[in-house]
Amino acid sequence: MQYWLMKSEPDVYGWSHLNAEKNATDHWDGVRNYAARNHMRAMKEGDLCFFYHSRVNPPHIAGIVKVVREAYVDPTQFDPEQKYYDPKSSKDNPRWDMVDIRAERELSSPVTIAEIKEIPALKDMVLLNNSRLSVQPVTKEEWDVIVALRP
DNA sequence: GCCAACGTTGGC
DNA sequence: GCCAACGTTGGC
């Protein structure tokens, strides 16, 4: 079991879009950063991810999602009409992948970045040290500390 | 809205 | 292959 954190701007796609109450599955498409893509490629079915809301005040972890399908080709890279179109990608040699996720549970209240910063055991989180990486690994120790905040 | 940090692009 | 210029992200 591996743990991750994925970021999203709630105005664009937030926790509410996951339709947790319908147990819906969605594609995590549009990732256009190689480091983030490589993390997605390392994801295994059943892995858990914190679902983080960025560019809001305050930024926070809203919930937990589960990986329900491992990395496969993100079709939005081939469509010139799409925001995520990549003219340098091709169907013979696709650059970008996506995974499928499903809401696991919403946190009883958000865990804000300020709260994370106050906890010494979380000081090495990628979230605090490479704030631009949109898909990032979380250690089991970090995962357990945060989950214990909102059991 | 500002701006620092980071990733990517492209000229050389 | 270097690195300046540029675009984007994201906390504040």
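Residues numbered from 1 in each chain as written. Chains lettered and ligands numbered in written order. Predicted model: local features only at pLDDT ≥ 70, side-chain atom pairs only at ≥ 80, totals over all residues. Heavy atoms only, no water.

> Quick rundown of the environment of asparagine 23? Include the residues and the values.
Here asparagine 23 is to be found in the loop between helix H1 (10-13) and strand E2 (25-28). C-alpha of asparagine 23 to C-alpha of alanine 114: the two residues are 91 residues apart in sequence and 30 Å apart in space. Apart from the residues within four sequence positions on either side, asparagine 23 is in contact with Arg102 and Ala103. (Helix = DSSP H or I, 4+ residues; strand = E, 2+ residues; numbered from the N terminus. Contact = heavy atoms within 4.5 Å.)

> Quick rundown of the protein's contact with DNA strand B? Include the residues and the values.
Neighbouring DNA strand B are Asn33, Tyr34, Lys88 and Arg132. The sugar and phosphate moieties of DNA strand B supply 56% of its atoms located within 4 Å of the protein. Classifying every residue of the surface near DNA strand B by side-chain character gives one nonpolar, one polar and two charged. (Near = heavy atom within 4 Å. Nonpolar A, V, L, I, M, F, W, Y, C, P; charged D, E, K, R; others polar.)

> Got a sec to walk through the packing of aromatic side chains? Specific residues and values, please.
If you walk through the whole model with that rule in mind, you get six aromatic pairs. Both rings, one in tyrosine 13 and one in tryptophan 28, keep their centres 5.5 Å apart while their planes meet at 90 degrees; by these two values the pair is edge-to-face. Placement of the pair is tyrosine 13 in helix H1 and tryptophan 28 in strand E2, with a sequence separation of 15 residues. A relative accessible area of 18% means that tyrosine 13 is categorised as buried. Its relative accessible area of 8% is what places tryptophan 28 among the buried residues. On the numbers, 5.5 Å between centres and 75 degrees between planes, the contact of tryptophan 28 with phenylalanine 51 is edge-to-face. A residue pair is termed long-range when its members are at least 10 positions apart, and tryptophan 28 in strand E2 and phenylalanine 51 in strand E3 (residues 48-53) qualify at 23 residues. Relative accessible area serves as the criterion here: at 0%, phenylalanine 51 is assigned to the buried category. (Phe/Tyr/Trp six-rings, centres within 6.5 Å; stacked < 30°, edge-to-face > 60°. Buried < 20%, exposed > 50% of the residue type's maximum accessible area, 1.4 Å probe, protein only.)

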